[in-house]
Amino acid sequence: MNVHLGDGGEDACVIWMHGLGDTPHGWADMARKLRPKLKNIKWVLPCAPEEPVTCNSGYSSTSWMDIIEIPIGVHSPDNG
């Protein structure tokens, strides 16, 4: 489930993409705390799909892409 914080009067937007295995709900409190100080910013916290992830032995977790190995480096293999 995606999280959207804004009232429609904003003139800027932050799209905050969570990390592997996380959800936007883990970051929503941070956005709520910053919102009063950054009133002109709409916060969009999308949720990655849950898919098998190679570096997690093929177990499903929220991920924006299949990650082959951790840490990811310049020469890390890419399957997509």
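Above this note sits the structure.
Reading the values: the criteria
- Residues numbered from 1 in each chain as written.
- Predicted model: local features only at pLDDT ≥ 70, side-chain atom pairs only at ≥ 80, totals over all residues.
- Heavy atoms only, no water.
- Helix = DSSP H or I, 4+ residues; strand = E, 2+ residues; numbered from the N terminus.
- Rg over C-alpha atoms; globule rule 2.2 N^0.38 Å.
- Buried < 20%, exposed > 50% of the residue type's maximum accessible area, 1.4 Å probe, protein only.
- Contact = heavy atoms within 4.5 Å.
- Areas by Shrake-Rupley, 256 points an atom, 1.4 Å probe, with all protein chains shown as cover.
- Lys, Arg positive; Asp, Glu negative; His and termini not counted.
- Charge placed at Lys NZ, Arg CZ, Asp CG, Glu CD.
- Pairing = 2+ DSSP bridges.
- Axes fitted to C-alpha atoms, helices over the stretch in contact; angles between N-to-C directions.

S.K.: Which residues make up the overall build of the protein, and what are the values?
M.R.: Secondary structure assignment for the protein yields one helix and five strands. Compactness check: the protein gives a C-alpha radius of gyration of 16 Å against a globular reference of 12 Å for 80 residues, more than 25% above the reference. Reported as C-alpha extents along the three principal axes, the dimensions of the protein are approximately 45 × 25 × 20 Å. Buried residues in the protein amount to 25% of all 80 residues. Long-range pairs, those at least 24 residues apart, make up 53% of the contacts in the protein between residues at least 6 apart in sequence. Total accessible area on the protein is roughly 5600 Å²; 57% of this is exposed by carbon and sulfur atoms. Charge separation in the protein, taken as the distance between the mean sites of 6 positive and 10 negative side-chain charges, equals 18 Å.

S.K.: Just give me the short version of the sheet that holds strand β3 (residues 41–45), but keep the residues and values in it.
M.R.: Judged by pairing direction, the sheet is mixed, and its three strands sit side by side in the order β1-β3-β2 without closing on themselves. Strand pairing shows two members of the sheet lacking a second neighbour, β1 (3–5) and β2 (12–15), which therefore form its edges. Going across the sheet, the axis of each strand differs from the next one's by a mean of 15°, ignoring polarity. Pairing between β1 and β3: three bridges, direction antiparallel. Bridge pairing in β3 places Leu5 opposite Trp43. The strands that helix α1 (residues 25–34) touches are β1 and β3; relative to β3, the one it contacts most, it runs at about 175°.

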